[in-house]
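Per-entry structural report
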Amino acid sequence: MAPRAPAGSRAPELDPDRLHRAEIGGLSTRYYAAGDEHAPRLVLVHGGQYGSWYSLDSWDTVLAPLAQRFRVIALDRPGQGHTAAPRGPAGYHWETGERHLEGFLEEIAGGPAHLVGHSRGALLAARLALGRPDLALSLTLVDAGSLAPADPSYPRSERFYEQLPRPAPGEPGPAAVRIEPEAQSVSTAHLTADFVGRLAAIARRPEIRRARREMARLGPALFQPSLERARAEALRAMGERGLPVPTLILWGAQDPSTPARAGERLWELIRPGTPRSELRLIERAGHYCFREQPAAFVREVEDFLGPLVMNRRSR
């Protein structure tokens, strides 16, 4: 795990005492758990892909507020954060992440949960709900560029990432890990020294660096085709029957990698067949809307889930 920051500089929401480890599908997995164990379960799924610097740390601004009402559980996905990377080349396809999330929900969350997925984590959560609706009580899809239908009015999010500056060669440090979240933000105030330090510590982990090398080697032939198949299957299923659980689409109004119009198109696609769906925008926020506007994010999630939680408790 990342070393602790000096007293007073660490985000209090990421309490080290609430970080745990478990074996999920043979991979040592880091996760965070907080809140009343009897409260409704809320599972947070971050974005990115094997070897990228996304992790559960990105949720640190909203963990404590959400834990006042929910049993909040956030995990590091395979080959990200402090979770082990796939052991062999065959593990570097999209389905590895799906099986890992399914196993995590069964073994750690202990059953069905309200799922919050960010970016590519939203595609994971939506696919889980389509394939295992018994494990999903609701979906909150946050800046879900990988899940949005193609539209000539906006480019695919991959275009944005292709145009980002390349990190300097050598061991990654604070400047390298700031490139993507800084380009994704309206304000960079959320990129505190503590948060950036934790990202840099993740980026320097030998396992993460190995996963990045494997993705450079295997990504075009293995990972990307599997991602595109998963995306196409999800879009087809959502177009035919919507999503099987109530769904909130939550988007940073100024998201530079996938504009809010993508959220509108996603909502148009799922609305006819989804039991309850809403699109909400968070103003003055980019791709990491939950970091830039944490209070607004928590308010929207709680407002949407409130009736669902009350209805379930009243049965």
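Source: prediction; values computed, not measured. (Residues numbered from 1 in each chain as written. Predicted model: local features only at pLDDT ≥ 70, side-chain atom pairs only at ≥ 80, totals over all residues. Heavy atoms only, no water.)

Some details on the overall build of the chain
- Assigned secondary structure in the chain consists of 10 helices and 8 strands.
- For 315 residues, the compact-globule formula gives about 20 Å, and the C-alpha radius of gyration of the chain, at 18 Å, lands near that figure.
- In terms of overall dimensions, the chain has C-alpha extents of about 55 × 45 × 40 Å along its principal axes.
- Counting across all 315 residues of the chain, residues that qualify as buried make up 58%.
- Carbon and sulfur atoms provide 51% of the accessible area of the chain, an area that totals close to 12,900 Å².
- Within the chain, the 37 negative side-chain charges are centred at a point lying 2 Å from the centre of the 41 positive side-chain charges. (Helix = DSSP H or I, 4+ residues; strand = E, 2+ residues; numbered from the N terminus. Rg over C-alpha atoms; globule rule 2.2 N^0.38 Å. Buried < 20%, exposed > 50% of the residue type's maximum accessible area, 1.4 Å probe, protein only. Areas by Shrake-Rupley, 256 points an atom, 1.4 Å probe, with all protein chains shown as cover. Lys, Arg positive; Asp, Glu negative; His and termini not counted. Charge placed at Lys NZ, Arg CZ, Asp CG, Glu CD.)

Comments concerning the layout of surface pockets
- As a volume, the largest pocket reaches approximately 1,100 Å³.
- Lining of the largest pocket is provided by 40 residues; of these, Gln-49, Ser-52, Tyr-161, Arg-166 and Arg-212 occupy positions nearest its centre.
- Sorting the residues of the lining of the largest pocket by element identifies α4 (157-162), α5 (174-183), α6 (193-204) and α7 (206-241) as the ones contributing at least two each.
- In terms of residue count, the dominant contributor to the lining of the largest pocket is α7 (8 residues).
- Counted by class, the lining of the largest pocket contains 18 nonpolar, 15 polar and 7 charged residues. (1 Å grid on protein atoms, 1.4 Å probe; cavity = no way out; pocket = protein on both sides within 12 Å on 5 of 7 lines; lining within 4 Å. Points joined across faces, edges and corners; volume = space filled by probe spheres on them. Nonpolar A, V, L, I, M, F, W, Y, C, P; charged D, E, K, R; others polar.)

Some words on the packing of aromatic side chains
- Considering all chains together, one arrives at 10 aromatic pairs under this definition.
- When the ring of Tyr-31 is compared with that of Phe-104, the centres are 5.6 Å apart and the planes differ by 75 degrees; the resulting orientation is edge-to-face. Of this pair, Tyr-31 sits in strand β2 (residues 27-34) while Phe-104 is found in helix α2 (residues 94-109), placing the two residues 73 residues apart along the sequence.
- Residue class for Tyr-31 comes out buried when judged on its relative accessible area of 13%.
- Phe-104 gets classed as buried once you look at its relative accessible area, which sits at 0%.
- Relative to Phe-223, the ring of Trp-94 lies with its centre 6.3 Å away and its plane at 50 degrees, an arrangement referred to as tilted. Residue Trp-94 is found in helix α2, and its partner Phe-223 is found in helix α7; the two are separated by 129 residues along the sequence. (Phe/Tyr/Trp six-rings, centres within 6.5 Å; stacked < 30°, edge-to-face > 60°.)

Re the confidence of the model for the chain
- Here the chain averages 93 in pLDDT, while 94% of its residues score no lower than 70.
- For the stretch residues 1-11, pLDDT sits under 50, and the model shows 19 contacts to residues farther than four places along the chain or on other chains. (pLDDT = per-residue confidence, 0-100. Contact = heavy atoms within 4.5 Å.)

Some remarks on empty space enclosed by the protein
- Using the criterion set out here, one finds 1 cavity of 30 Å³ or more in the structure.
- Taken as a whole, the largest cavity encloses approximately 60 Å³ of empty space.
- Surrounding the largest cavity, Gly-48, Gln-49, Tyr-50, Arg-77, Gln-80, Trp-94, Gly-97, Leu-124 and Phe-223 form its lining.
- Across the lining of the largest cavity, the residue classes tally to 4 nonpolar, 4 polar and 1 charged.

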